[in-house]
Amino acid sequence: MRHTLTIKMQSRKYSVIIESGLFQNIGKILGERFAGKKIALITDENIQQLYENLLKKQLDASQCDWEIIALPPGDTSKSFDTLTVIYKRLIEFQITRDDVIVALGGGVVGDISGFAAATFLRGIEFVQIPTTLIGQVDSSIGGKNAVNLPEGKNLVGTFYQPTCVYIDPDFVKTLSDYHFADGMAEIIKYACVADADLFSDLIRMKSHREAKLIESIIYRCCLIKKQLIEQDEKDQGVRMLTNFGHTIGHAIENLYDFRLYGHGQAVAIGMQTITEHSEAMGLTAINTSAMLKEVLTEYGLPAELPQGIDRKLLAQTAMKDKKRRGNKINLVLIEKIGKGYIYPIEKAELIKFIE
């Protein structure tokens, strides 16, 4: 079944198309949408290895001039060194403002490709084809893109909306249990801040990868994000709810050099940690943290801070979060399952939500 959402931002209106099997015809789709243009398809080496023959067939079918730029997999590719490589390849390919960058991959590929599209020649068209569950339910929509610095994650970035987003839930079937769980953390996040019914459905689901269920869940998460980002494109208000668990999660990723925990795993720990403390402070309904821990555990996600972690160092790292404003930092808490809210605190108070 095909689901289509239209995202109406101030900067651009674009479609998000969700359909199982869509990738099998992506060459025709791109060819019709970008006839006569050059396509620079940015992916990672793992995706290239898995789909190289199909990619060539699809791109040839597009009847466009095309080039594949394959990056090393992993978060370390979200760097200025990688951007330099991408810019060089785009120049060699003689990309112009009339052409298009297509991102095929997970959140890392989408982020670095979006940043390149926003900055190369001051902006060229950009298409997202997310292959991970995180990408499909979260990072491919909304126009956020960024690169990392040694001091922290996503500290340099832009808001640059894609021209269109094509989501094929069949990619979920190819994910390892680890990467499937990583994506489920973002789905659980949306349920916590905006959809109590989705949270209940996640608890009741018996077959985590049943195709129709996954397609429906992806659509529901995309719909939630559409509603949030249309109200707040630049992440100054209600869109911040999508950062639930991320302040602590990003700090965990950074402390462990983006190697020990995937993004979703780190966010899961962040959601659980902050909810346990907000509940103890009377800022969250009683028993919420127990319900959250149940669903995180059900989907194979961690729910406790790493043993022996320096909590003061974790708090100091989290204080560098890009959501801070002056001496304040905006935490996202949940009043109860399905209702998130923004809770500004002094940066020094953050330790209360970690110790």
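Up top you'll find the structure we're talking about.
Just so it is clear, the model here is predicted, and its values are computed rather than measured. (Residues numbered from 1 in each chain as written. Predicted model: local features only at pLDDT ≥ 70, side-chain atom pairs only at ≥ 80, totals over all residues. Heavy atoms only, no water.)

## Looking at the overall build of the protein
Alright, step 1. Of the regular secondary structure elements, the protein holds 12 helices and 12 strands.
Alright, step 2. Since a compact globule built from 355 residues should have a radius of gyration of about 20 Å, the 20 Å found for the protein is in line with a globular shape.
Alright, step 3. Reported as C-alpha extents along the three principal axes, the dimensions of the protein are approximately 60 × 40 × 35 Å.
Alright, step 4. Going through the 355 residues of the protein one by one, you find that 57% of them count as buried.
Alright, step 5. Restricting the contact set of the protein to residue pairs at least 6 apart, pairs at least 24 apart contribute 73%. (Helix = DSSP H or I, 4+ residues; strand = E, 2+ residues; numbered from the N terminus. Rg over C-alpha atoms; globule rule 2.2 N^0.38 Å. Buried < 20%, exposed > 50% of the residue type's maximum accessible area, 1.4 Å probe, protein only. Contact = heavy atoms within 4.5 Å.)

## What to know about the sheet that holds strand 5 (residues 100-105)
Alright, step 1. The mixed open sheet is built from seven strands, whose spatial order is 1-2-9-6-5-3-4. The open sheet terminates on both sides in strands that have one partner only, identified here as strand 1 (3-8) and strand 4 (65-71). Sheet twist, expressed as the mean angle between neighbouring strand axes with direction ignored, is 15 degrees.
Alright, step 2. Sheet analysis places strand 3 (residues 38-44) next to strand 5, joined by four bridges and oriented parallel. Bridge pairing in strand 5 places Leu41 opposite Val102. (Pairing = 2+ DSSP bridges. Axes fitted to C-alpha atoms, helices over the stretch in contact; angles between N-to-C directions.)

## As for the state of the cysteines
Working definition of a disulfide: a covalent bond connecting the sulfur atoms of two cysteines.
Alright, step 1. Summed over the entire model, instances satisfying the criterion amount to zero disulfides.
Alright, step 2. The thiol sulfur of Cys64 is not disulfide-bonded, and the nearest other cysteine sulfur, from Cys164, lies at 12 Å.
Alright, step 3. Under the relative-accessibility criterion, Cys64 is labelled buried at 8%.
Alright, step 4. No disulfide involves Cys192; its sulfur sits 11 Å from that of Cys221, the nearest cysteine. (Disulfide = S-S within 2.5 Å.)

## Some points on helix 3 (residues 80-92)
Alright, step 1. Across its 13 residues, helix 3 extends 18 Å between first and last C-alpha, which sits within 8% of the 18 Å expected from 1.5 Å per residue.
Alright, step 2. Inspection of helix 3 places Thr82, Leu83, Ile86 and Leu90 among the buried residues, and these make up the whole buried set. The buried residues of helix 3 all sit within an arc of 100 degrees when viewed along its axis, so they share a single face. Exposed residues lying more than 90 degrees from the buried face of helix 3 are Asp81, Thr84, Lys88 and Ile91. (Expected span 1.5 Å × (residues − 1). Arc of directions from axis to C-beta.)

## Considerations on the nonpolar core
Alright, step 1. With 69 residues, the main nonpolar core has Val16, Leu133, Ile187, Ile188, Leu202 and Ile218 as its most contacted residues.
Alright, step 2. Residues contacting Leu133, with those up to four places away along its chain left out, are Val172, Leu175, Phe180, Gly183, Met184, Ile187 and Ile218. (Core = buried A, V, L, I, M, F, W, Y, C linked by side-chain atoms within 4.5 Å.)

## Here's the deal with the side chain of Glu253
Alright, step 1. Secondary-structure assignment places Glu253 in helix 9 (residues 246-255).
Alright, step 2. Given a relative accessible area of 3%, Glu253 falls into the buried group.
Alright, step 3. Among residues more than four places away in sequence, those in contact with Glu253 are Lys153, Phe258, Tyr261, Gly262, His263 and Ala266.

## Remarks on the packing of aromatic side chains
Alright, step 1. Taken as a whole and judged by the stated rule, the model has eight aromatic pairs.
Alright, step 2. Seen from their ring centres, Phe23 and Phe171 are 5.1 Å apart, and the 50 degrees between their planes marks the pair as tilted. With a gap of 148 residues between them, Phe23 in the loop between strand 2 (13-18) and helix 1 (26-33) and Phe171 in the loop between strand 9 (164-167) and helix 6 (177-194) connect regions that are remote in the sequence.
Alright, step 3. Using a relative accessible area of 3% as the deciding quantity, one classes Phe23 as buried.
Alright, step 4. By relative accessible area, which is 4% here, Phe171 ends up buried.
Alright, step 5. Through a chain of ring-to-ring contacts, the aromatic side chains of Phe23, Tyr51 and Phe171 assemble into a single cluster.
Alright, step 6. When the ring centre of Tyr160 is taken as origin, the NZ or CZ atom of Arg12, which lies over that ring, is 5.8 Å away.
Alright, step 7. Against the face of Phe93 rests Lys38, its NZ or CZ located 5.0 Å from the ring centre. (Phe/Tyr/Trp six-rings, centres within 6.5 Å; stacked < 30°, edge-to-face > 60°. Lys NZ or Arg CZ within 6 Å of the ring centre and 35° of its normal.)

## Some remarks on the packing of helix 10 (residues 263-280) against helix 11 (residues 288-298)
Alright, step 1. The interhelical angle for the contact between helix 10 and helix 11, taken along N-to-C directions, is 165 degrees, at an axis separation of 9 Å. Between helix 10 and helix 11, the interaxial angle falls into the category roughly antiparallel. Along this stretch, helix 10 crosses helix 11, giving a crossing that reads as left-handed. Residues Ala268, Met271, Gln272, Thr275, Glu276 and Glu279 of helix 10 form the contact with helix 11, whose participating residues are Thr288, Ser289, Leu292, Lys293 and Leu296. (Parallel < 35°, antiparallel > 145°, perpendicular 65-115°, else oblique. Left-handed = near helix turned anticlockwise from the far one by under 90°.)

## Section: helix 1
Alright, step 1. When helix 1 is considered as a whole, its buried residues turn out to be Ile26, Gly27, Ile29, Leu30 and Gly31.
Alright, step 2. Looking at the buried residues of helix 1, the elements they touch are strand 3, helix 2 (45-61), strand 5, strand 6 (125-130) and strand 9.

## A word on the pattern of salt bridges
Alright, step 1. The final tally for this structure, using the stated rule, is 20 salt bridges.
Alright, step 2. A salt bridge links Glu125 to Arg33; its shortest N-O distance comes to 3.8 Å. Of the two residues, Glu125 is situated in strand 6 and Arg33 in helix 1; the sequence distance between them amounts to 92 residues.
Alright, step 3. Assessed through its relative accessible area of 38%, Arg33 is described here as partly exposed.
Alright, step 4. Where Lys78 meets Asp111, a salt bridge forms, and the shortest distance between an N and an O atom there is 2.7 Å. Separated by 33 residues along the polypeptide, Lys78 in the loop between strand 4 and helix 3 and Asp111 in helix 4 (residues 107-119) bring together distant segments of the chain.
Alright, step 5. Through salt bridges with shared partners, one network takes in Asp138, Glu186, Lys189 and Lys225. (Salt bridge = Lys/Arg side-chain N within 4 Å of Asp/Glu carboxyl O.)

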